[in-house]
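What follows is each chain in one-letter form.
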Amino acid sequence: MTVTETAHAVDPERGTLAKAADENFPVAPFFLPRDWRTDLMAVYGFARLVDDIGDGDLAPGGADARLLGVPADRADDRLLMLDAFEDDLRRVFDGAPRHPLLRRLQPTVRRRSLTPEPFLGLIAANRQDQLVGRYETYDDLLAYCELSANPVGRLVLAVTGTSTPERIRRSDAICTALQIVEHLQDVAEDLGRDRIYLPAEDLKRFHVQETDLAAPTANASVRALVAYEAGRARELLNEGSPLVSSVHGRLRLLLAGFVAGGRAALRAIAAADHDVLPGPPKPGKVQLLREVGVTLRGKG
C-alpha cells in the first residue's frame with residue numbers, strides 16, 4: 001500500500017482531495033478568491049471520488065464503502081458503489097449525507113444554488129464506463145463527454161456566478177475537447193481497462209486494429225488516427241476559447257489555463273509525432289505558460 005493509499009484508508013476525505021495536486025489542470029489555484037477555492041475543492045472532491053469508484057481506484061480497506069453503507073467485501077462492485085454514492089448525493093439536497101466529501105459539498109450546493117443534474121451526469125458517465133467499452137461513432141463519444149466532462153465546466157460557471165447559455169455552450173466545447181485530449185494521452189491506460197475512446201468508425205477509416213493500440217509504439221496508421229482526433233479537439237478548443245474573453249479578472253486567468261492546458265497537451269502529442277502508446281505526452285511548464293499568454297491575447 002502506498003503512502004497515499006494509507007492516508008486514504010485512514011482519512012478518505014483527505015486522501016481524495018490530496019489527488020488534486022496530480023491533476024492535469026489546477027483545481028483551485030491560489031489566485032482565486034478563498035470562497036471560490038473552497039467551493040471548487042468541494043466540487044473536485046465529488047468528481048474525484050466518483051471517478052475513483054468508476055475506475056476501481058479506491059484505496060484498499062473498504063473505508064469509502066463503509067461510509068456509503070456498502071459492506072466492505074462488496075467495495076469492488078462498482079455499480080453497487082455508484083448506486084450508493086448516488087443515494088448519498090441525493091441526501092446532499094434533502095438530508096444528511098454519510099460520506100465526508102458529500103458533507104463538504106452540501107454547504108457549496110446551498111451557497112451556490114447548485115442543482116443535482118451535473119453531479120448526476122458525472123455518476124451516469126462512470127456507470128456507463130462499467131457497461132460500455134467501445135464507441136461506434138464520434139457522436140456516440142460526444143454524448144459520453146456530455147456526461148463525463150461538460151458538467152465540470154458548468155459547475156465552475158455556477159460556482160463563480162457567471163453562467164449564461166452562451167458561456168455554457170462555449171464551456172461544453174472546451175470540456176469535450178479536454179476529455180478527447182485526455183483520451184488521446186491515455187490510449188494505452190484505457191485499453192488496460194478494456195476501454196477504447198477512439199470511435200470504431202475512425203479505427204476502420206484509418207485501418208487500425210485494436211491490437212495495434214496494444215503495441216509498445218504506434219504505427220503510421222495509429223499516428224494518423226491520433227492526429228485526426230487531435231484536430232477535432234483543437235477545433236473544439238477554438239470554438240470554446242471566446243469564453244475566456246467573456247469573463248474578467250481571476251476567472252479569466254483560470255479559464256485561460258484550461259484552454260492553454262489543452263492546447264499545450266496537443267502540442268506535446270504532435271511533438272511526439274502522435275505516438276501516444278509509450279505513455280501520455282505531457283507539455284512542459286514553459287509551453288503551458290506560453291499557451292496561457294496566447295489564449296489571454298485571444299489568439300491561438
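Analysis parameters
- Residues numbered from 1 in each chain as written.
- Predicted model: local features only at pLDDT ≥ 70, side-chain atom pairs only at ≥ 80, totals over all residues.
- Heavy atoms only, no water.
- Helix = DSSP H or I, 4+ residues; strand = E, 2+ residues; numbered from the N terminus.
- Rg over C-alpha atoms; globule rule 2.2 N^0.38 Å.
- Buried < 20%, exposed > 50% of the residue type's maximum accessible area, 1.4 Å probe, protein only.
- Contact = heavy atoms within 4.5 Å.
- Areas by Shrake-Rupley, 256 points an atom, 1.4 Å probe, with all protein chains shown as cover.
- Lys, Arg positive; Asp, Glu negative; His and termini not counted.
- Charge placed at Lys NZ, Arg CZ, Asp CG, Glu CD.
- Salt bridge = Lys/Arg side-chain N within 4 Å of Asp/Glu carboxyl O.

Trainee: Explain the overall build of the protein to me, please; I cannot follow it from the model alone.
Mentor: Of the regular secondary structure elements, the protein holds 17 helices and zero strands. On C-alpha atoms alone, the protein measures out to a radius of gyration of 19 Å, which is about the 19 Å that the 2.2 N^0.38 rule sets for 300 residues. Referenced to the eigenvectors of the C-alpha coordinate spread, the extents of the protein come out at roughly 55 × 45 × 35 Å. Relative to its full complement of 300 residues, the protein shows a buried share of 51%. The contacts in the protein between residues at least 6 apart in sequence include a share of 67% that link residues at least 24 apart. Within the structure as shown, the protein displays about 13800 Å² of accessible surface, and the carbon and sulfur contribution to it stands at 53%. Between the centroid of the 38 positive side chains of the protein and the centroid of its 43 negative side chains there is a distance of 8 Å.

Trainee: How should I be thinking about the pattern of salt bridges in this particular structure?
Mentor: When charged atoms on two side chains of opposite charge get close, those side chains can pair. Per the stated rule, a full pass over the model turns up 26 salt bridges. Close ionic contact of Arg112 with Asp39 constitutes a salt bridge, the shortest N to O distance being 2.6 Å. Linking Arg112 in helix α6 (residues 100–112) with Asp39 in helix α3 (residues 34–55), this pair joins segments that are 73 residues apart in sequence. You'll find Arg112 and Asp39 in the same group, each marked buried. With a closest N to O distance of 3.0 Å, Arg74 and Asp77 form a salt bridge.

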